[in-house]
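# Observations on the model geometry
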Amino acid sequence: MRSHLLNDTTAERYRRTATAAVERVADKLAATDRPFTGITPEQLAPTFDAIDLDRPLGDTTAALDELESVYLRDAVYFHHPRYLAHLNCPVVIPAVAAEAVLSAVNSSLDTWDQSAGATLIERRLIDWTASRIGFGTNAGTSLGTNAETNADGVFTSGGSQSNLQALLLAREEAKATDSAKLRIFASECGHFSVQKSAKLLGLTPEAVIAIPCDNDKRMQTLALARELARCTSEGLVPMAVVATAGTTDFGSIDPLPEIAELCELYGAWMHVDAAYGCGLLASRTRRHLLDGIERADSVTVDYHKSFFQPVSSSALLVRDGATLRHATYHADYLNPRRMAEERIPNQVDKSLQTTRRFDALKLWMTLRTMGADGVGELFDEVCDLAGDGWQLLAGDPRYDVVVRPTLSTLVFRYIPADVTSPAMIDRANLYARKALFASGDAVVAGTKVGGKHYLKFTLLNPETTLTDIAAVLDLIAGHAEQYLGESLVHAS
Ligand SMILES: Cc1ncc(COP(=O)(O)O)c(C=O)c1O
């Protein structure tokens, strides 16, 4: 059994095994002719039921053979140009190469004595991101000496965790004695992790106040001002405003400068959820869309969305690094207080996690290989594509499209010319999405706008073309028409 452990004596075996695994995936990626096979859970489940986990196959080749039927054959492939559903991106090769390195070395980013080097890579990337946000720069010193800024941050498992940690810091900074009085303001298009975080932080069910959006799906700052004033007059405490820079459905960016003004006026923590829009930090043409982000107290960035990084890769950045102390606990067995006094860089002092993957290496390899401009160009391409897709949809009488995209999503619905029943139109769109998924020809997402069912393209693949978009729109129309035709037959 020891031959399965990776060490000095098994390095050659590791080389062969890892190469064999990579070759299979490379073959698979090259041969993928549609994003999904369309298999159902019922069809796939028996394969798993037949596997006895207490009877191992003994060698990796056999396990890889088996993997074909339990995973690789029916996986949903994000690199396919007709995967247009959620905020998943195709990944860049330098980052995938980094995955191989980081999992084999297996550093853990909690303490320096488990992650020498890795800790400094993460710190440099936090500093780099902070300076792109406009928080200032640490003058290239990973230990933070000669710093022009107090900005800091930490890598996390994803946007949900980054938002949770941001709101934890906001709650502690609010210093309210009665947590029932704390209020968080987020737009009605904000991410649901805000509500989840509030619950995890022990806030009341009323704690999150949804601020209406304008026609462009951006938070209405007049409504925010009204709510802040109302809450304050009622003795409630505005703990935080969550501005979204890239809403999940519409990619809309809340008016950051106006929100910053209001936060200052009311003493509320300003958090910018840029999980999706963070790719703009690397764009040479669209960075201005994030103007005002530099006034935030904290920012969520998901490199695994718009920096083309493999899951997981996210970070929380804070303007004042001292606020990260609210996540600090010292344990004699791991990070005793004296280590902080000796300035030993233990990242666990800033993190909600203890054992933590060295995800930062992926972004490091990406920046060292392609540079930030390379990443920004990829994100610009998908934003350009969304603009072209919007024109296509706006000129297509079969479709209603919701807002002109700021980033790379398109929300639309099929509207049959001769059907007036709103319920029927809803059902036709729901059916089209399901039928498309079952066919495996393309994968699209769905959402609701004004209580009606809509479809959504999230464009994060620079390989997707306008021809792909047009073809998928035709497929959707075909499925919707088929549904309506069959419904008419049944009704008559
Ligand atoms: C705006 C926004 N914030 C936060 C998240 C949560 O990120 P994650 O899925 O990485 O936890 C998402 C996910 O789509 C998002 O769109």
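Use the structure listed above.
So, here's what we can say about the structure. Keep in mind the model is a prediction, meaning the values are calculated, not measured.

## Notes on the pairing of strand E12 (residues 452-458)
For E12, the buried fraction is high: five of the seven residues fall into the buried class. Bridging between strand E11 (residues 443-449) and E12 involves five bridges; their strand directions are antiparallel. Looking at the pairing, lysine 448 lines up with histidine 453 of E12. Hairpin remark: E11 followed by E12, antiparallel, with two residues in the connecting loop; positive phi at glycine 450, about 55°.

## Comments concerning the nonpolar core
Leu224, Val272, Val299, Leu317 and Phe379 are the most contacted members of the largest nonpolar core, which totals 66 residues. Residues from two domains meet in this core; each of domain 1 (107-370) and domain 2 (373-491) gives at least three. With residues near it in sequence (within four places) discarded, valine 272 still touches Ala243, Ala245, Leu256, Ile293, Ala296, Ser298, Val299 and Thr300. If you look at the next biggest cluster of nonpolar residues, it comprises 27 residues, including Tyr414, Ala432, Val472 and Leu473.

## Here's the deal with the pattern of salt bridges
Counted by the stated rule, this structure contains 28 salt bridges. Between aspartate 152 and lysine 350 there is a salt bridge, and its shortest N-O distance comes to 2.8 Å. Of this pair, aspartate 152 sits in strand E2 (residues 152-156) while lysine 350 sits in the loop between helix H12 (337-341) and helix H13 (360-369), placing them 198 residues apart in sequence. A salt bridge links arginine 398 to aspartate 474; the shortest N-O distance between them is 3.0 Å. Taken together, the residues span a long stretch of sequence, with arginine 398 in the loop between helix H14 (371-394) and strand E9 (399-401) and aspartate 474 in helix H16 (residues 466-491) at a distance of 76 residues. Several salt bridges converge on common partners, so that one network encompasses Glu99, Arg357, Asp359 and Lys362.

## Some details on the packing of H14 against H16
Between H14 and H16, the shortest axis-to-axis distance is 10 Å and the interhelical angle comes to 40°. When the axis of H14 is compared with that of H16, the two are oblique. In the packing of H14 onto H16, the handedness of the crossing is right-handed. On H16, the residues touching Leu385, Asp388, Gly389, Leu392 and Leu393 of H14 are Leu466, Ile469, Ala470 and Leu473. Classifying every residue of the contact of H14 with H16 gives seven nonpolar, one polar and one charged.

## Observations regarding the sheet that holds E2
In spatial order, the strands read E2-E8-E7-E6-E5-E3-E4; together these seven strands make up an open sheet with mixed pairing. Edge positions in the open sheet fall to E2 and strand E4 (208-211), since each of these has one partner strand only. Across this sheet, the average inter-strand angle for adjacent strands is 20°, counted without regard to direction. Both E2 and strand E8 (residues 314-318) contribute to a ladder of five bridges, which runs antiparallel. Along E8, the bridge assignment pairs threonine 156 with serine 314. Running at roughly 115° to E2, helix H6 (residues 118-133) makes contact with E2, strand E7 (298-302) and E8 of the sheet. Against the sheet, helix H7 (residues 159-174) touches E2, strand E3 (182-187), strand E5 (237-244), strand E6 (269-274), E7 and E8, its axis set at about 20° to E8.

## So, the packing of aromatic side chains
Using the criterion set out here, one finds ten aromatic pairs in the structure. Look at tyrosine 399 and tyrosine 414: their rings are 5.6 Å apart centre to centre, the planes differ by 70°, and that puts the pair in the edge-to-face class. Taken together, the residues tyrosine 399 in strand E9 and tyrosine 414 in strand E10 (residues 409-414) connect sequence positions 15 residues apart. Accessibility assignment for this pair places tyrosine 399 and tyrosine 414 in one class, buried. Here the aromatic residues Trp128, Phe155, Tyr303 and Phe307 are joined through ring pairs into a cluster of three or more. For lysine 217, the ring lying beneath its charged end belongs to phenylalanine 250, and the centroid distance is 5.1 Å.

## Here's the deal with unusual backbone geometry
Cis peptide bonds are those with omega within 30 degrees of zero, and the linkage from valine 311 to serine 312 qualifies with 0°. Within the secondary structure, serine 312 is located in the loop between helix H11 (303-306) and E8. Positive phi values are uncommon outside glycine, yet asparagine 106 reaches one of about 65°. Turning to its location among the elements, asparagine 106 is positioned in the loop between helix H4 (93-105) and helix H5 (112-115). Residue classification places asparagine 106 among the exposed residues on the basis of a relative accessible area of 59%. Phi at lysine 217 is positive, roughly 65°, even though this residue is not glycine. On the secondary structure map, lysine 217 appears in the loop between E4 and helix H9 (221-233).

## Digging into H6
Taking 1.5 Å per residue, 16 residues should reach 22 Å; H6 reaches 23 Å between its end C-alpha atoms and fits that length. Taken as a whole, H6 has its buried residues at Ala118, Thr119, Ile121, Glu122, Arg123, Leu125, Ile126, Asp127, Thr129, Ala130 and Ile133. Those residues of H6 hidden inside the fold are in contact with H5, E2, E7, H11, E8 and H13.

Cut-offs and rules
- Residues numbered from 1 in each chain as written.
- Predicted model: local features only at pLDDT ≥ 70, side-chain atom pairs only at ≥ 80, totals over all residues.
- Heavy atoms only, no water.
- Buried < 20%, exposed > 50% of the residue type's maximum accessible area, 1.4 Å probe, protein only.
- Helix = DSSP H or I, 4+ residues; strand = E, 2+ residues; numbered from the N terminus.
- Pairing = 2+ DSSP bridges.
- Core = buried A, V, L, I, M, F, W, Y, C linked by side-chain atoms within 4.5 Å.
- Domains from an automatic or database assignment.
- Contact = heavy atoms within 4.5 Å.
- Salt bridge = Lys/Arg side-chain N within 4 Å of Asp/Glu carboxyl O.
- Axes fitted to C-alpha atoms, helices over the stretch in contact; angles between N-to-C directions.
- Parallel < 35°, antiparallel > 145°, perpendicular 65-115°, else oblique.
- Left-handed = near helix turned anticlockwise from the far one by under 90°.
- Nonpolar A, V, L, I, M, F, W, Y, C, P; charged D, E, K, R; others polar.
- Phe/Tyr/Trp six-rings, centres within 6.5 Å; stacked < 30°, edge-to-face > 60°.
- Lys NZ or Arg CZ within 6 Å of the ring centre and 35° of its normal.
- Expected span 1.5 Å × (residues − 1).

That's the geometry; what it means functionally is another story.
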